[in-house]
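Given next are the chains, with one letter for each unit.
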Amino acid sequence: MAEATSGGRGSSGLTRRSLLQGTAAAAAGVAIGSGAVTGFPTIWAQNIKDVTLTHVGGSYAAIKEIGDQAYKDLGFKIEMQAVDPGTQLNRSLTQPKSIDINNVDSAAAVFLAGKGVLRPIKVSEYKLWDKTVPIFTTGKFPDGKPIPTQGISPMKAGFYTDGSGKKLATGPTEFLTIIPTLYNADTLGIRPDLVGGRDKITSWKDLIDPKYKGKAALVDYAPVGIMDVAMALEAAGEIKYVDKGNMTKAEIDKTTKLLIDLKKQGHFRAFWSNFDQSVNLMASGEVVIQSMWSPAVTAVRSRGIDCYFVPLKEGYRGWFVGLAPMAHLTGLRLDCAMEYLNWFNSGWQGAFIAKQGYYSPVIETVQKFLTPEEWDYWYEGKPAAVDIKDPYGNLMEKKGAIRDGGSLWQREGHVAVWNTVMDEDKYLTKRWNEFVSA
Amino acid sequence: MKISPALASWLQVGPLAVILVLFFGLPMLVVLAASFFDFDHMTIIPTFILDNYQDLFTDPTTLRLYVSSLKFAVIVWVITLVVGFAVAYFLVFHVQSLLIKIGLFLLCSVPFWTSNIIRMISWIPFLGRNGIFNQMLMDAHITSRPLEFLLFSDFAVVVAYVHLFTLFMVVPIFNAMARIDTRLIEAAKDAGASRFAILWEIVLPLSKSGIALGTIFVVTQVMGDFFVVKVMSGGQSGSVVSALSNQIQELQYPPAAASAVILVIVLMLMVAGILRVVDVRKELAT
């Protein structure tokens, strides 16, 4: 300090200089370099290397490699735990301290908000909010059209009314429930070779078309399965819903009745309950049209069997997940958690999940971490200029392939309904059980 | 130091009693308590309501699920009993060499060296539409089109159950038969009894305890299953426990607890019924 004051420089220079000195001294003790290189303010503390944060989420999001990279960039450890949604909710509520970073599914946010287990995030604490795609920040698509409101949209799940985190808001506020980290648009998976071509399926109603009797499947998870069916029934003109994302009891009754009729006619070959089952049903040809997740489509294709995540005229079923720090975090651990949240969408993670077919909410950071060819394929919907590999270096698509559904906004821009949890979910489960056992 | 007989009995009973109380009794009480709670989305509200039971008893699905589970239990019971009895009979009375007997018995248990899940899942590529069995039938010109009922059907569920549970029938029946005094059978032969009469009049009654134990194993496992039914029926059939597991997945614990309590009561009644027909304790004591 003595040197600084006697240096006779301007006051701003002084501050900067003394700051630099201070950090240099602290940094000498810890071996973290890359945090500064990537431009992230790093917490300069001696004991940072002793910090381990537990990140709990679905297997598609809580990926070990991402935690390892965070450790490299930030200097504290991230332990990734992949669990099923029920376990995650359960632990969040009954053992909140077993989680530090909660990878919250958008529909689960409705359950978790107001329970005091998640720490609300101030917009000012999250540096990438301004760069986040507008579906999360303003509830609009980039072309200015408002996003659909059926189901749990980013507007319904994304904000608290105030800093207490007691109540969800219905539109943008200064208090975020989660920072969005990953989103996608889901549709039906088909076997083009067994339905007569990629152009043969154009509408959700094909899912219940008698042509595919005995060759259709649904996911055996009421909140999503009912949605796929509702899209089909509405497209076929069987039912007109007020809000598919939040059905009335009468609408649930009508839907299950039609479902039971279909089941009794032998329309459905199976109801799958995990990823592998959905892959095997499709790959073995037991099923030619079904509810599917995007990586399952890729998994079928990687066996050399054509499978197509078909764009449908009624639009996609959208969903998203995000991160929230748990409310029990304090002091250094909380600082680290916020660092981690700010690191998460800074590009590396976004590029990793892009290669699994998921989108990042902060697009410009991702572009820096993808090759131009990868960017064109995954985000722009252009034909692959080179072979496309997954994050682990395995071949995914051959040169010339085009992403199913096209570019980011051709897909995400046509989301018609969001994944949901209904007010009548208790009743829905009951009726769904009835349908499955019918 | 001499241990009094009373203390010795307590010491013998103690470990099992502690395990039963800690890992069965207490959790069961918790489940019982939870079955009277109310709930709302994510929270369980500790109160005392009968709604969960009322919903369960007024819902036609409950009866349908019990009928479906009982149907599977009966079919699987009959098949495993016939197969299990035959296998045990063969091992005990036809195979003369003790070494071969033990060898064959071990052979029966070989499939159990892999997990239940693997043994069950291996049926899927075998029975599927484009599976090995359908290919075989079509290549042999027995059928012209793949048989669809083979997989994702009640048939597939029964096949998997029989495959999984027959050994549970073989082992207790084998044990019971092995304790039959062979002199009895020789005496019957000398007295001119036919093979069937020996089977019916001597072997069967003396194997009753084994049959009862095997029945308990098989019936309770089928009634308590949800995984086999879910996978092999392709989610087309439900069981009592699959409905319960759906509820747990959606964190609706109180109704799941009520459903579990009723299932335990039903199973206890069934086991009591079996034990009433066959006094296992008496049979084992002789």
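This text goes with the structure placed above it.
Residues numbered from 1 in each chain as written. Chains lettered and ligands numbered in written order. Predicted model: local features only at pLDDT ≥ 70, side-chain atom pairs only at ≥ 80, totals over all residues. Heavy atoms only, no water.

A. Structural detail: the overall build of chain A. Each helix and strand in chain A was counted, giving 19 helices and 16 strands. Considering chain A as a whole, with its 438 residues, one finds that 58% of them fall into the buried category. Across chain A, the fraction of contacts at a sequence separation of at least 24, relative to all contacts at a separation of at least 6, is 67%. As displayed, chain A has an accessible area near 17,300 Å², and 54% of this comes from carbon and sulfur atoms. (Helix = DSSP H or I, 4+ residues; strand = E, 2+ residues; numbered from the N terminus. Buried < 20%, exposed > 50% of the residue type's maximum accessible area, 1.4 Å probe, protein only. Contact = heavy atoms within 4.5 Å. Areas by Shrake-Rupley, 256 points an atom, 1.4 Å probe, with all protein chains shown as cover.)

B. Quick look at the packing of helix H3 (residues 60-94) of chain B against helix H10 (residues 195-206) of chain B. Residue and element names in this part refer to chain B. Between H3 and H10, the shortest axis-to-axis distance is 14 Å and the interhelical angle comes to 100°. Compared by their axis directions, H3 and H10 come out roughly perpendicular. Taking contact as the criterion, the partners of Phe85, Tyr89, Phe93 and His94 in H3 are, on H10, Arg195, Leu199, Val203 and Leu204. A breakdown of the residues in the contact of H3 with H10 according to their chemical character gives 6 nonpolar, 1 polar and 1 charged. (Axes fitted to C-alpha atoms, helices over the stretch in contact; angles between N-to-C directions. Parallel < 35°, antiparallel > 145°, perpendicular 65-115°, else oblique. Nonpolar A, V, L, I, M, F, W, Y, C, P; charged D, E, K, R; others polar.)

C. Structural detail: the sheet that holds strand S9 (residues 216-219) of chain A. All names here are of chain A. Taking strand neighbours across the sheet as the criterion, the 5 strands line up as S10-S9-S11-S8-S12 in an open arrangement whose pairing is mixed. Each edge of the open sheet is held by one strand with a lone partner, namely strand S10 (268-272) and strand S12 (308-310). Between one strand axis and the next, the sheet turns by 25° as a mean value, whatever way the strands run. Relative to S12, strand S8 (residues 188-190) runs antiparallel, the two being bridged by 3 bridges. Each residue of the ladder has a partner; that of glycine 189, found in S12, is phenylalanine 309. (Pairing = 2+ DSSP bridges.)

D. Representation of the sheet that holds strand S4 (residues 121-122) of chain A. Residue and element names in this part refer to chain A. The strand order S4-S6-S5 describes an open sheet built from 3 strands, whose pairing is antiparallel. The open sheet is flanked by S4 and strand S5 (159-160), the only strands paired with a single partner. Of the strand pairs in this sheet, S5 and strand S6 (residues 175-176) are connected by 2 bridges, and their pairing is antiparallel. Bridging from a neighbouring strand, phenylalanine 159 pairs with leucine 176 of S6.

E. The arrangement of the interface of chain A and chain B in detail. Taken together, the contact between chain A and chain B spans 37 residues of the former and 29 residues of the latter. Across the chain A to chain B interface the summed buried area is about 2,800 Å²; carbon plus sulfur atoms make up 48%. Three residues, Arg269, Lys426 and Asn433 of chain A, lead the burial of chain A against chain B; their summed loss comes to 21% of the area buried on that side. Elements supplying a minimum of two residues to the side of chain A that touches chain B: helix H5 (85-94), helix H10 (222-235), S10, helix H12 (275-283) and helix H19 (425-437) of chain A. The greatest single-element share of the side of chain A that touches chain B, amounting to 9 residues, is contributed by H19 of chain A. Classifying every residue of the side of chain A that touches chain B by side-chain character gives 16 nonpolar, 10 polar and 11 charged. (Buried area = accessible area lost by both parts, 1.4 Å probe.)

F. Examining the packing of aromatic side chains more closely. In this structure the tally under the stated criterion is 37 aromatic pairs over all chains. On the basis of an interplanar angle of 90° and a centroid distance of 5.7 Å, the ring pair of phenylalanine 352 of chain A and tyrosine 392 of chain A is categorised as edge-to-face. You can see phenylalanine 352 of chain A sitting in helix H15 (residues 348-354) and its partner tyrosine 392 of chain A sitting in the loop between strand S14 (388-389) and strand S15 (395-397), a full 40 residues away along the chain. A residue is classified by how much of its surface remains accessible, and tyrosine 392 of chain A, at 45% relative accessible area, is partly exposed. Pairing tyrosine 161 of chain B with phenylalanine 165 of chain B gives two aromatic rings, centres 5.6 Å apart and planes at 20°, and the pair type is stacked. (Phe/Tyr/Trp six-rings, centres within 6.5 Å; stacked < 30°, edge-to-face > 60°.)

G. Layout of the environment of glutamine 249 of chain B. When you line up the elements, glutamine 249 of chain B lands in helix H13 (residues 240-249). For the pair glutamine 249 of chain B and methionine 138 of chain B, spaced 111 residues apart in sequence, the C-alpha separation works out to 41 Å. Contacts of glutamine 249 of chain B, omitting those with residues within four sequence positions, involve Gly86 and Tyr221 of chain A.

H. Geometry of a nonpolar patch on the surface. Nonpolar side chains collect at one region of the surface, where Val18, Ile19, Val21, Leu22, Phe23, Leu26, Leu29 and Leu32 of chain B lie side by side and expose about 770 Å² of accessible area between them. Note that valine 18 of chain B resides in helix H1 (residues 5-34). (Patch = residues over 30% accessible without salt bridge, like charges linked within 9 Å, V, L, I, M, F, W, Y side chains within 5 Å. Salt bridge = Lys/Arg side-chain N within 4 Å of Asp/Glu carboxyl O.)

I. Broad picture of the pattern of salt bridges. Residue and element names in this part refer to chain A. Tallied over the entire structure, the rule returns 24 salt bridges over all chains. In this structure, arginine 119 engages glutamate 125 in a salt bridge whose closest nitrogen and oxygen atoms are separated by 2.8 Å. Among the ionic pairs, arginine 198 bridges to aspartate 306, the shortest N-O distance being 3.1 Å. Taken together, the residues arginine 198 in the loop between helix H9 (192-195) and S9 and aspartate 306 in the loop between helix H13 (294-301) and S12 connect sequence positions 108 residues apart. Each of Arg198, Arg301, Asp306, Glu397 and Asp404 takes part in a single network of salt bridges with overlapping partners.

No statement about biological role is implied by the geometric values presented.
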